[in-house]
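# Notes for the structure review
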Amino acid sequence: VSLHGQVYERRLIWRHRLGKLFGWLCRWTTILSLVVLAVLLFTIVRQAWGWLDWGFLTHSNSYKAQNAGIMPALWGSLWAVGLTALMAVPLGVGAAVYLEEYSKPTRLTKFIQLNISNLAGVPSIVYGILGFTVFIRMFGLRDRPEKFVASLGFADITFELPLGRVVLSGACTLTLLSLPVVIIAAQEALRSVPQSIRHAALALGATKWQTIRHQVLPAALPGILTGVILSMSRAIGETAPLAVLGVASQLSFAPGRITGPVDAIQHPVKMLQAPFDQFTVIPLQIYSWISDPKPAFEHVAAAGIVVLLVVLLTLNGTAIFIRQRFQKKIRW
Amino acid sequence: VPGAGQLRRDNRSTLRRTFSWHRLREEVIRGGLFCCALLSVMTTLAIIFVLFTEALFTIPPHTAFFQDVSVREFFLGAQWSPQYDPPHYGIAPLICGTFLITGISGLIGLPAGLLIAIYLSEYSSPRARSLCKPLLEILAGIPTIVYGYFGLSFVTPYVITPLFESLLGVPVQGFNAFSGGIVVGIMIIPMVASLSEDVLRAVPGSLREAGYALGATKFDVSAKIVVPSALSGVIASFLLALSRSIGETMAVAICSGNTPTLTLNPLVGIQTMTTFIVNVMQGEVVAGSTVEKSLYAVALVLFVITLGMNLVSQIILEKYREAYQ
């Protein structure tokens, strides 16, 4: 064997070793990150063990760790995210439909598109500052909140201007925050609908809107719903913008003073009052427990995190279920 | 058909010009949808307006932040203590804290994310991939406050303190930049991994096959062909991830404390731009005070930095997309 061959042999062995090593490195990094996930979940469940019971879900917060509960925060989160979805979904899907179906590639469209991608990257705390200025300070136009009563005939709704730290302000802030994500997800879903569907509908004489309303949107619905649910589950976990709004972290009642589903059915007016009532959300409640110097609250915080994760898991599970179920039905 | 009668009456009018309720409805819907799309532009304008009026210039009876505090003091001062008397408004400690967190998180999150992306796109079997991806999605979906709790109750007491205090004898504070950086680093891993994986998979298979045909090993193909040809996309994902860790708030607020420190020592408490804002907002802020205006100035700096990074990564991604089509 020549000298050249020997050098080549040695290098070849070395290169194969390096290749194997790199493969191991890649694999173990992946495994390690999943181990971190496991450790994270394990730490939280271990801390929460024994603290999560029915009383925790039905009580409001207390200065005694044993009696502390998450009820107002749980309802507050559901109200805030429910209202957010109510606003963000029509606006987001509408914007996506315009950009995908109507717009021509003009400079304005390109600008809007770039703008949306950039808004998705703006830190959530900046949205908090925006919400604070608009809903709490109202650009400094009013120094003191003023009470208003809106008479609906069958009931009176009281609210203040500036709105203050109420569910509606929080929901509006979260709407602005999650809109870009909803738009991008809806755009992707619309893009995945084959062009032939549109052509077929248009060829049969349908107008543009009829095509979109009856053909494109139903076909894109699973994708849109998945994106919407994922962005809403992100909105549930948002803490910083609501903390900047100054949303309360300790409350003893659910929004609208609703004590339960039965109460809500008996007094539907409370449902209308709830958006204008004070609220707190699960992550903020957890934050206040973490900040509490009493060591027992560490366990309460962990129990709160478990509740938060269960809510998120339910939402994400629904998203996956929708994706699996409806994707099978549609065959192009 | 509603338009048919009119058409017969006036042959010269084109189909487009005839009035019909259908057409009006179409136009109204189109206009409404356009307004939805425009809302995003309005949001950006509102953010810029709000930050500028409080930080840069405002209507005369009120004063903006930079009319109360000189630009020189803001950018060159080395002390940040707006709530003390006399107040100091030098943003350097906050910038330093922010970049400490971003640096540590980048050192952990970027290589790990890239390695995972390479594993998923080049090495893994389809089965392993379908197992890993949902798990990484779970990691991405965990709220930041949970990471904060994890940092405070696990990373600091069970990882950093044993490593530095017991082993190396360096004092570690209960709130430190290191644990904040680590958890933010973990947080950005799934983001880097999924964005990078997308661009790595977009590299045409023929390039890989050409490499193998020349006798390259899997490492050679991954590191010398696939990653370099997707480099711009990888860099874009890095920039997006870093801009996210600059904007990260709650995890850092919980792990790294609230003391503005001009230091490069990661084992002491620091304050970042975001945690300053949250910390001030937790208490009552006097409307119109300089402390309140300083929030807007800090938020403006934060906004400009993250916007710059996002724009650059958008531009890079845009260029990249054209290259392979």
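In what follows, the accompanying structure is described.

Rules and cut-offs
Residues numbered from 1 in each chain as written. Chains lettered and ligands numbered in written order. Predicted model: local features only at pLDDT ≥ 70, side-chain atom pairs only at ≥ 80, totals over all residues. Heavy atoms only, no water. Helix = DSSP H or I, 4+ residues; strand = E, 2+ residues; numbered from the N terminus. Buried < 20%, exposed > 50% of the residue type's maximum accessible area, 1.4 Å probe, protein only. Contact = heavy atoms within 4.5 Å. Areas by Shrake-Rupley, 256 points an atom, 1.4 Å probe, with all protein chains shown as cover. Lys, Arg positive; Asp, Glu negative; His and termini not counted. Charge placed at Lys NZ, Arg CZ, Asp CG, Glu CD. Phe/Tyr/Trp six-rings, centres within 6.5 Å; stacked < 30°, edge-to-face > 60°. Lys NZ or Arg CZ within 6 Å of the ring centre and 35° of its normal. Patch = residues over 30% accessible without salt bridge, like charges linked within 9 Å, V, L, I, M, F, W, Y side chains within 5 Å. Salt bridge = Lys/Arg side-chain N within 4 Å of Asp/Glu carboxyl O. Buried area = accessible area lost by both parts, 1.4 Å probe. Polar contact = N/O pair within 3.5 Å; in protein donor to acceptor, adjacent residues only side chain to side chain. Nonpolar A, V, L, I, M, F, W, Y, C, P; charged D, E, K, R; others polar.

### Side note on the overall build of chain B
Within chain B, the secondary structure is distributed over 14 helices and two strands. By its C-alpha atoms, chain B is 95 × 75 × 35 Å across when sized along the principal axes. Going through the 325 residues of chain B one by one, you find that 51% of them count as buried. Of the contacts made within chain B by residues no fewer than 6 positions apart, 70% connect residues no fewer than 24 positions apart. Summed over all atoms, the accessible surface of chain B reaches about 15,100 Å², with 66% contributed by carbon and sulfur. Across chain B, 20 positive and 19 negative side-chain charges occur, with their mean positions spaced 16 Å apart.

### What to know about the packing of aromatic side chains
All chains considered together, the criterion is met by 20 aromatic pairs over all chains. Relative to phenylalanine 219 of chain B, the ring of phenylalanine 22 of chain A has its centre 4.9 Å away and its plane inclined at 65°; by these criteria the two rings are edge-to-face. Here the residue phenylalanine 22 of chain A occupies a position in helix α1 (residues 3-48), and phenylalanine 219 of chain B occupies one in helix α10 (residues 218-229), the pair thus bridging two chains. Grouping residues by exposure puts phenylalanine 22 of chain A and phenylalanine 219 of chain B together as buried. Here phenylalanine 52 of chain B and phenylalanine 57 of chain B contribute two aromatic rings whose centre-to-centre distance is 6.3 Å and whose plane-to-plane angle is 85°, an arrangement assigned as edge-to-face. Judged by its relative accessible area of 31%, phenylalanine 52 of chain B is partly exposed. What links up through ring pairs into an aromatic cluster is the set Phe65, Phe66, Phe74, Phe75, Trp80, Tyr89 and Phe276 of chain B. Geometry around tyrosine 102 of chain A places lysine 208 of chain A over its ring, the cationic atom sitting 5.7 Å from the centre. One Lys or Arg, arginine 257 of chain A, reaches over the ring of phenylalanine 253 of chain A and ends 3.8 Å from the middle of that ring.

### Re a nonpolar patch on the surface
Residue and element names in this part refer to chain A. Together, Trp24, Trp28, Ile31, Leu32 and Val35 make up a nonpolar patch on the protein surface, roughly 510 Å² of accessible area in all. Residue position: tryptophan 24 is located in helix α1. Residue tryptophan 24 is classed as partly exposed on the basis of its relative accessible area of 48%.

### A look at the interface of chain A and chain B
Listed as interface residues are 75 residues of chain A and, on the opposing side, 77 residues of chain B. Buried area between chain A and chain B, both sides added, is near 6,800 Å², and the carbon and sulfur share of it is 76%. On the surface where chain A and chain B come into contact, there are two salt bridges. At the junction of chain A and chain B, the tally comes to 11 residue pairs in polar contact (both at pLDDT 80 or more). Of the residues forming the side of chain A that touches chain B, the biggest block, 21 residues, is contributed by α1 of chain A. Grouping the amino acids of the side of chain A that touches chain B by side-chain chemistry returns 48 nonpolar, 18 polar and nine charged.

### Overview of the pattern of salt bridges
A full pass over the atoms with the stated rule returns 12 salt bridges over all chains. Across the pair glutamate 292 of chain B and arginine 137 of chain A runs a salt bridge whose closest N-O atoms are separated by 2.5 Å. Highlighted residues: glutamate 292 of chain B in helix α14 (residues 290-323) and arginine 137 of chain A in the loop between α5 (124-136) and β1 (146-151), drawn from two different chains. Comparing glutamate 292 of chain B with arginine 137 of chain A shows no difference in burial state: the two are buried. Arginine 208 of chain B is the partner of glutamate 122 of chain B in a salt bridge, and the nearest nitrogen-oxygen pair spans 2.9 Å. With glutamate 122 of chain B in helix α5 (residues 92-123) and arginine 208 of chain B in helix α9 (residues 205-213), this pair connects stretches of sequence that are 86 residues apart. The same class applies to glutamate 122 of chain B and to arginine 208 of chain B, which are both buried. Each member of the salt-bridge network shares a partner with another, and the members are Arg129, Lys133, Glu197 and Arg201 of chain B.

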